[in-house]
Amino acid sequence: MTTAENFDLNEDQRDALQEIANIGMGQAGSSIAKIWGEFVGLSIPRIAHIDRQSIPSMLTRFVGDLPVNAVRQAFHGQTRGEVVVVFSGGRGDQLAELMGYEDADSVEEQELLLDVANILVGACLGSVAETLGTEIGFSAPSVMGMNVGASQLMRAEELGSGRALFLEVRFTLEKKSFASHLIVLMPVEEIRVLGQALDKFLESL
Amino acid sequence: MPVSVLVVDDSPIARKMLIRALPSNWDIEIAQASNGLEALTAYRAGKVDVMFLDLTMPEMDGYQVLETLRKEDLNCLVIVVSADVQALAQERVLSMGAISFIRKPVTAEGLSDVLKKYGIIV
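Bear in mind the structure is a predicted one, so any value in this text is a computation, not a measurement. (Residues numbered from 1 in each chain as written. Chains lettered and ligands numbered in written order. Predicted model: local features only at pLDDT ≥ 70, side-chain atom pairs only at ≥ 80, totals over all residues.)

Observations regarding the interface of chain B and chain A
Line of reasoning, step 1. Each side of the interface is counted separately: chain B has 17 residues, and chain A has 18 residues.
Line of reasoning, step 2. Among the elements that line the side of chain B that touches chain A, the one with the most residues is helix α1 (residues 12-21) of chain B, at 6 residues.
Line of reasoning, step 3. The residue inventory of the side of chain B that touches chain A, partitioned by class, reads 9 nonpolar, 4 polar and 4 charged. (Contact = placed C-beta atoms within 7 Å. Helix = DSSP H or I, 4+ residues; strand = E, 2+ residues; numbered from the N terminus. Nonpolar A, V, L, I, M, F, W, Y, C, P; charged D, E, K, R; others polar.)

Some remarks on the sheet that holds strand β1 (residues 3-8) of chain B
Residues and elements named next belong to chain B.
Line of reasoning, step 1. The strand order β2-β1-β3-β4-β5 describes an open sheet built from 5 strands, whose pairing is parallel. The open sheet has two edge strands with one neighbour each: β2 (28-33) and β5 (100-103). Direction aside, the axes of adjacent strands within the sheet are offset by 20° on average.
Line of reasoning, step 2. Direction of pairing for β1 relative to strand β3 (residues 50-53): parallel, over a ladder of 4 bridges. (Pairing = 2+ DSSP bridges. Axes fitted to C-alpha atoms, helices over the stretch in contact; angles between N-to-C directions.)

Some remarks on the packing of helix α2 (residues 11-36) of chain A against α1 of chain B
Line of reasoning, step 1. α1 of chain B packs onto α2 of chain A with a crossing angle of 70° between their chain directions and a minimal axis gap of 8 Å. One way to sum up the angle between α2 of chain A and α1 of chain B is to call them roughly perpendicular. Packed against α2 of chain A, whose contacting residues are D15, A16 and E19 of chain A, the element α1 of chain B presents P12, I13 and A14 of chain B at the interface.
Line of reasoning, step 2. Here the residues of the contact of α2 of chain A with α1 of chain B are counted per class, giving 4 nonpolar, no polar and 2 charged. (Parallel < 35°, antiparallel > 145°, perpendicular 65-115°, else oblique.)

What about the confidence of the model for chain A?
Line of reasoning, step 1. Across chain A, pLDDT averages 87, with 95% of residues at or above 70.
Line of reasoning, step 2. Element-level mean pLDDT values for chain A span from 48 in helix α1 (residues 3-6) of chain A up to 96 in strand β5 (residues 136-138) of chain A. (pLDDT = per-residue confidence, 0-100.)

Regarding the pairing of strand β4 (residues 81-88) of chain A
Residues and elements named next belong to chain A.
Line of reasoning, step 1. With 6 of 8 residues buried, β4 lies mostly within the body of the structure.
Line of reasoning, step 2. Sheet analysis places strand β3 (residues 68-77) next to β4, joined by 7 bridges and oriented antiparallel. Residue pairing in the sheet places N69 in a bridge with F87 of β4.
Line of reasoning, step 3. Turn length for the β3-β4 hairpin, with the two strands adjacent in sequence and antiparallel, is 3 residues.
Line of reasoning, step 4. Strand direction decides the pairing type here: β4 and strand β8 (residues 178-187), joined by 7 bridges, are antiparallel. (Buried ≥ 20, exposed ≤ 12 C-beta atoms within 10 Å, placed from the backbone.)

Given below as structure tokens:
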């Protein structure tokens, strides 16, 4: 057994994280539903431990092969990591339409993506941190790619090696073919810290 | 006679959180189900007075359970317990026959307020 495997979350910790993420996703869904004035469908959160080099194939598996727009945002607090928000299945201007823009240019479209990602990430991870009784902060979000395949979002050299925690939640709109995947990536040394926080939460039950 | 309570949620942690928040002086028998199909099976196999029902579940979700209960004229008090806190989700489940909606994470106070409001506990 390698050291990295020792840091994988156990079944109880994964169950706890799934439910805590579920609560966070509900908060994020509600925030964005208020802005869009539409009902937002929520998925069951999926959690996997993967090798960092498998992140692109995992993204493709969850998001699909069609071109997507994506934003990344780092978080830090008791644990750190990065959230990748992938917008798929709809034209970019659908998002602009939802946010009340008539004719958004590409700069406005990018700003919209950043805004929406910021709302989703802030509400979701903010709620997770609150449930775990910890503080969390966020860096400014940045655009990873516009109209590119999900597998092209991260280059091999920035993926690095070792294990990562992959947590996916999905928001969908009933009336439009539009989905937003929120994927949390955490490096191996941070997973141990998260595991401890989850243990503390489990003990409180 | 104890009240039959069925806790329906795919997450064992969520079921545990809910059961922990139930009033300690409430005379109940608790059964659990991890999806909608199991919930309906449990319902048909015996008595369920009060059902705590999650919405987002595999196999059969909470909306489908509400629909089936209504279609088959099944009689029990359903309290939806969900992380989906959109106003529309709450409206939907209430229009489908749930008596109330409790948001996750559940608190003992929130739960006891709802149970009192509907005269389930005094």
